[in-house]
There are 6 protein chains.
Amino acid sequence: MRVDGREKNQLRPVTIETGFVKHPEGSVLITVGETKVICNASIEDRVPPFMRNSGKGWITAEYSMLPRATETRNIRESSKGKISGRTMEIQRLIGRALRAVVDLESIGERTIWIDCDVIQADGGTRTASITGAFIAMATALGKIQDEKKIKKFPIKSYLAATSVGVVKEHGAVLDLNYIEDSSAEVDMNIIMTGEGEFVELQGTGEESTFSYNQLQELLKLGQEGIGELFELQKEALGKLADRI
Amino acid sequence: MRVDGREKNQLRPVTIETGFVKHPEGSVLITVGETKVICNASIEDRVPPFMRNSGKGWITAEYSMLPRATETRNIRESSKGKISGRTMEIQRLIGRALRAVVDLESIGERTIWIDCDVIQADGGTRTASITGAFIAMATALGKIQDEKKIKKFPIKSYLAATSVGVVKEHGAVLDLNYIEDSSAEVDMNIIMTGEGEFVELQGTGEESTFSYNQLQELLKLGQEGIGELFELQKEALGKLADRI
Amino acid sequence: MRVDGREKNQLRPVTIETGFVKHPEGSVLITVGETKVICNASIEDRVPPFMRNSGKGWITAEYSMLPRATETRNIRESSKGKISGRTMEIQRLIGRALRAVVDLESIGERTIWIDCDVIQADGGTRTASITGAFIAMATALGKIQDEKKIKKFPIKSYLAATSVGVVKEHGAVLDLNYIEDSSAEVDMNIIMTGEGEFVELQGTGEESTFSYNQLQELLKLGQEGIGELFELQKEALGKLADRI
Amino acid sequence: MRVDGREKNQLRPVTIETGFVKHPEGSVLITVGETKVICNASIEDRVPPFMRNSGKGWITAEYSMLPRATETRNIRESSKGKISGRTMEIQRLIGRALRAVVDLESIGERTIWIDCDVIQADGGTRTASITGAFIAMATALGKIQDEKKIKKFPIKSYLAATSVGVVKEHGAVLDLNYIEDSSAEVDMNIIMTGEGEFVELQGTGEESTFSYNQLQELLKLGQEGIGELFELQKEALGKLADRI
Amino acid sequence: MRVDGREKNQLRPVTIETGFVKHPEGSVLITVGETKVICNASIEDRVPPFMRNSGKGWITAEYSMLPRATETRNIRESSKGKISGRTMEIQRLIGRALRAVVDLESIGERTIWIDCDVIQADGGTRTASITGAFIAMATALGKIQDEKKIKKFPIKSYLAATSVGVVKEHGAVLDLNYIEDSSAEVDMNIIMTGEGEFVELQGTGEESTFSYNQLQELLKLGQEGIGELFELQKEALGKLADRI
Amino acid sequence: MRVDGREKNQLRPVTIETGFVKHPEGSVLITVGETKVICNASIEDRVPPFMRNSGKGWITAEYSMLPRATETRNIRESSKGKISGRTMEIQRLIGRALRAVVDLESIGERTIWIDCDVIQADGGTRTASITGAFIAMATALGKIQDEKKIKKFPIKSYLAATSVGVVKEHGAVLDLNYIEDSSAEVDMNIIMTGEGEFVELQGTGEESTFSYNQLQELLKLGQEGIGELFELQKEALGKLADRI
């Protein structure tokens, strides 16, 4: 049994609370075990310069951790005056993943800003961010469709993410918490659509490597876990689920 | 009656939830009307260079808003690569205020980091931050006293803050929300100790001025409001209240 | 008697030299005891983006110290690549104060840049900056009125500032020099108009607090001192004084 | 046939020139089709602060493009004053990959700096950088082993990388050039060891997705291509190849 | 005899390879002894804001060194987040020198970007950059003349540069390598036109000084050396030489 | 006759006021025509890291202009967050020049910080800075010699600087003011020692060139002008002049 008593193919408890903060068009608090992320979606009526006059919209994401989301306090990136490579990687990943399931032409020349702010971290913050941001984005798009700003609901498919990895004593496991993640030999993030297609696959040997067979095992665990996340997302969306 | 139905000398509903996030030594979610701030206190076992070998501790604060804490989305200060003048002013104010009620020698060469992160803003974020941060700090200091790291409880007095201001139709009012704050002619932040002494007083005519008599009226409103905040703080502290 | 032989309610000697530097529309060297500040006012024929098409003008201030204005040399903010919190606070204060006594509509879509550069510091640099900047600004506005660029003299009232504070051996005193300021328990900056109204009041207990009675005493000292500054300002303005 | 006449499973011509620049301990010019990267390895006799007294060494990489390595000129990151997210991702990837095949304890408290500077870009710059950097690093480590600074040759296995992707008219192809990469639906970077294990796998749907079967096809192409790269690396290493 | 066996008035071997990189309009690899610089010229169809609507073009240069161009590795300026004073001086010098021999009106509202990237350094990198950049620029201008974008070949004269200096044991010498440069008492960079006029003269005593007579001797050496560089430039230009 | 009525070989009126600001060890206000520069010298009892344990001292300079030293207001470099190339060039030049006439071993492991702050600019600010900084530095070194911190007066020779240039209607002229400088074809800064040796020579054709004969003429003008500056420096130093 794993450090927190889970089976190898068992997700941590996941909750998705919508309407968490009042101002954003979509706002979600997602909890995955002890990991908690506020995911806000804001809609802006213009696109970045490189997209102007394309008739298409854009989706971009920012990710941050409160300084004390972690065991020891981290220095704020605003105090350091620059964003770390890790943050950049994560926010690029979130934006890219969300764009894969949205018909950018249907949203017109608008930008959807996704803000994922981790208030408590215990592993898997980037995958929790993607799973939660999908709901915040869907809520926001539902809202502007209700306001007749867009005609068609632009989301083509569900999107969720989880991590899998190879941990010394247990081999391949699903949804690593911080302790497992710290000691994992292999760490893989999987992002999939409701149709069972991959959007992104990032597997990394941490001063280690992995075989073809291990890869297959990890993919299977991830597919199962993401399947469960889709059920939770459907529930969180309520009536909005019918539009997808 | 005011825009939200309050009397001139009436605070908005205030709640103080302790233990909000798990990692910090002290963690509070303070709600003042629609304003919500996470106040975390972290204890670090060293002081900044200018305090080394002084035998004294230090208290410093950082303040930030989530990009969509407000009606329209603000650019992150980490993306801009620098902290705004407003943020600097506020975090200097929070740190200075807290230091006024703590015996820095009793905490030894430790730094108390206060992080105030506004997740939803509706006016009065800096005064809510101070009122909440006081509880987070007290919790953290209680914790290290329980762990015998310090002998004496180093807090000398309660500390709370509120805003008062002169609003066109109502004259002097207590605890301005965002709408009132935006149109106020005079805006004043008052920070006081449980002994009824002033720690800081910042009154500003916003392209306007105020008379000696108006000042007296504002001070009176503030003193009353802060008196009520002390009651709420006492309750939030529970048993810890006995140490002050 | 105070460290420099003054009475508690006595200002240091103040001189205001106009036309100090040749290029700016208004240029003043103000001396308050050993504190010396060059205050330049520049008029630019456009406003910042957030004011465009408002028909109104804007006043903004920048403050800096020469590295060796102080006892020991400070690193230049241009070398550090960022402006300190203290500098930001001061320059925001100067701008806000000046805007309180100017009819921004009368100056049209112009920006008045105020530059306060401290060449020698001995306490009270921010209040000296405000008192001097008022004269530089008035000179500049007089100049463009003479040039028929504006019709009406847009200054509504005099503006001056001083500091008061509570010093251990003397209690409440007026116009603190650096030695007094360093050891003051309470430090308060008062900015007033010629009509005797407050523009800004910033009182701070430095790891200390102050009572309601002390506050009243400080206000009284400040009002008296500022009254004397208005006389000196009037004299420095010469004929221009008739327009206010 | 592909745009440059290659088969789907055909690499572009690859050359690896060692000793390209005289100062570094290891220096390689790798050419993959029209992509040209200078890979330099420098050995520094100390480690970053977080590794001190660990008895282990560290490997870190930096990646850059000359402004005109590309069709149109890019602004230098030194002029912009910050490194882009893309650059950060790539240099973190290169460092992580190299660390996977080196016994960090055998190199002692030394840092191996890898500098990959792209002088001409035509797709696949990050995978070319890894393949070339491996040779530069091996040369540098061979040099300090010859100088008796380290006892054991610390490289545990070969390391090479290539890209695979799904291109509209051709389906899965190996080693995409810039034109193919620009229009690819799926883009995957594969890094493997001489033992046939994966070090890193990064597959991305570019506003698109990929199925399980497509993934298997891409992996197969990548494995074959990397096998050929190992032959070229062996040749480039000359006698040094015997130590691995 | 000098450290590398040269006479006092002898240049190091110089080679100029055109067409070195494929994308830029002009691309040169210049080798001066062990110093190697890639000089690329890019043509952009617009000018910086301060030149708009002037009808004239602009020439600007950037200079950089690969981190391991030197004996020990230098930190990248992009990592430091700012450009050093030395780099700024050099790139301003290169741009200014090139502008002196080009008729900016003939190139229309275009910018010629010159990028000088030192891949191996052994003294004289700035003068090698100028000599090589001239050829890259001429090639680029020849190309757009061939494309009929400009009517007249806008280069008015040849331009080349070298260094001279006073070295302890040898007195005045031509074209200092790194060892000589490090110990030189006087260091002078001379930039001249094909007409024998000076474009720039920068002589510096390195914690030392130089007399009027030494100056004359240095000028003479420089003039001779630059004469030889003009021959090499002519050859490198091939047919293009006829247009100057 | 020149625009301000001077002869071609005539300096503008020069005044050197010592003891201008009270805190620095040496403080000078130098006036050259309408150009006014405050030159402060500060002595710090340590050297930068690269000089530690060398037994030698260091001299470094910083240069800045007040925003309104010029006809139109310049943005502060502290607001821009970086120092311009022009400023860097000038401050490197000032430091290098002063180091040429000081015996760095005699000052021990101390740093002399030179701050040149231009309060009014009318051409020749860098040469005025050098001429004034020499006096500030000499005063500061005299002071620490009087305090017995150093044994020997470490200045080996006088140091002064001026500009010369070629102006359309007048040919070669001495000490250009801003109007002349703006339209000059050739601009040359000359720095010399009291022994008549050159310390630095920087001649630049501004989109123009100069001949060998023009160079000789400019050198002659510069030598004469600097000779007069030495007389003024001697006078400003008073008794201290005897130590050089």
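Per an unreviewed UniProt entry, chain A is named Ribonuclease PH, and its organism is Bacillus seohaeanensis. Chain A has a UniProt comment under Sequence similarities (unreviewed entry) that states "Belongs to the RNase PH family."

Participant: In this structure, what is going on with the sheet that holds strand S4 (residues 58-65) of chain D? I would like to understand it.
Facilitator: Note on sheets: strands pair through backbone hydrogen bonds, and any given pair is parallel or antiparallel. All names here are of chain D. The five strands are arranged S1-S2-S3-S5-S4 in an open sheet whose pairing can be described as mixed. Each of the sheet's edge strands pairs with one partner strand only, and the pair in question is strand S1 (14-18) and S4. When strand polarity is set aside, the average angle formed by the axes of neighbouring strands in this sheet is 15°. Two elements, S1 and strand S2 (residues 26-32), share five bridges in a ladder whose sense is antiparallel.

Participant: Explain the interface of chain A and chain D to me, please; I cannot follow it from the model alone.
Facilitator: For an interface, size is often stated in terms of accessible area lost upon the parts coming together. On the chain D side, the residues contacting the 33 residues of chain A number 33 residues. Roughly 2900 Å² of surface becomes buried between chain A and chain D when both sides are summed, with 51% attributable to carbon and sulfur atoms. Seen at the junction of chain A and chain D, the total is two salt bridges. The shortest N-O distance in the salt bridge between Glu89 of chain A and Arg92 of chain D comes to 2.6 Å.

Participant: Teacher, can you tell me more about the pattern of salt bridges here?
Facilitator: Where charged atoms from two side chains of opposite charge approach closely, those side chains can pair. Taken as a whole and assessed by the stated rule, the structure comprises 132 salt bridges over all chains. The shortest N-O distance in the salt bridge between Arg76 of chain F and Glu62 of chain C comes to 2.9 Å. Separated into two different chains, Arg76 of chain F in the loop between strand S4 (58-65) and helix H1 (77-80) and Glu62 of chain C in strand S4 (residues 58-65) make up a pair that spans both. Across the pair, exposure class does not vary: Arg76 of chain F and Glu62 of chain C are buried alike. Taking the shortest distance from any N to any O, the salt bridge between Glu62 of chain D and Arg73 of chain E comes out at 3.2 Å. Of this pair, Glu62 of chain D sits in strand S4 while Arg73 of chain E sits in the loop between strand S4 (58-65) and helix H1 (77-80), placing the two residues on different chains. The same class applies to Glu62 of chain D and to Arg73 of chain E, which are both buried. What emerges from the salt-bridge pattern is a single network uniting Arg2, Asp4, Arg6, Arg12, Asp122, Asp175 and Glu180 of chain A.

Participant: Honestly, the confidence of the model for chain A in this entry has me stumped. Any pointers?
Facilitator: When pLDDT is low, close inspection of the predicted coordinates is not appropriate. Chain-level statistics for chain A give a pLDDT mean of 96 and a share of 100% at 70 or above. Here the predicted complex carries an ipTM of 0.95, next to a pTM of 0.91.

Participant: Got a minute to help me understand the packing of aromatic side chains in this structure?
Facilitator: Between two aromatic rings, the relevant description is the distance of the centres plus the angle of the planes. Overall, the coordinates contain 24 aromatic pairs over all chains when judged by the stated rule. Centroid distance Tyr158 of chain D to Phe230 of chain D: 6.1 Å. Interplanar angle 65°. Geometry classified as edge-to-face. Here Tyr158 of chain D, found in the loop between helix H3 (125-146) and strand S6 (159-167), pairs with Phe230 of chain D, found in helix H5 (residues 212-237); they are 72 residues apart in sequence, far enough to count as distant. For Tyr158 of chain D, a relative accessible area of 10% translates into the label buried. Linked through ring pairs, Phe134, Tyr158 and Phe230 of chain A together constitute an aromatic cluster.

Thresholds, definitions, all that
All residue numbers refer to position in the chain's written sequence, counted from 1. Written order decides the labels, with chains lettered from A and ligands numbered from 1. Local features in this predicted model are restricted to residues whose pLDDT is 70 or higher, and side-chain atom pairs enter the listing and the counts only when it is 80 or higher, whereas totals over whole chains, interfaces and linings include all residues. Excluding hydrogens and water, the side-chain values take into account all heavy atoms of the structure. UniProt positions are given in the numbering used here, feature names are shortened, and annotations may be inferred rather than shown by experiment. For two strands to be treated as a pair, DSSP must find no fewer than two bridges joining them. Strands here are runs of E lasting at least two residues and helices are runs of H or I lasting at least four, both read from the DSSP assignment and numbered beginning at the N terminus. All axes are obtained by fitting lines to C-alpha atoms, using only the stretch in contact for helices, and the reported angles, taken between N-to-C directions, cover 0 to 180 degrees. Contact between two residues is taken to exist if any of their heavy atoms lie within 4.5 Å; hydrogens are not considered. Summed over both partners, buried area is the accessible surface (1.4 Å probe) that two parts give up on being assembled. Salt bridge, as used here: a side-chain nitrogen of Lys or Arg that lies within 4 Å of a carboxyl oxygen of Asp or Glu. Each residue's exposure class comes from its accessible area (1.4 Å probe, protein chains only) as a fraction of the maximum for that residue type: buried when under 20%, exposed when over 50%, partly exposed otherwise. Think of pLDDT as the predictor's per-residue confidence, scored from 0 to 100. Aromatic pairing here means that ring centres of Phe, Tyr or Trp (its six-membered ring) are within 6.5 Å. Orientation follows from the plane angle: under 30 degrees is stacked, over 60 is edge-to-face, and everything else is tilted.

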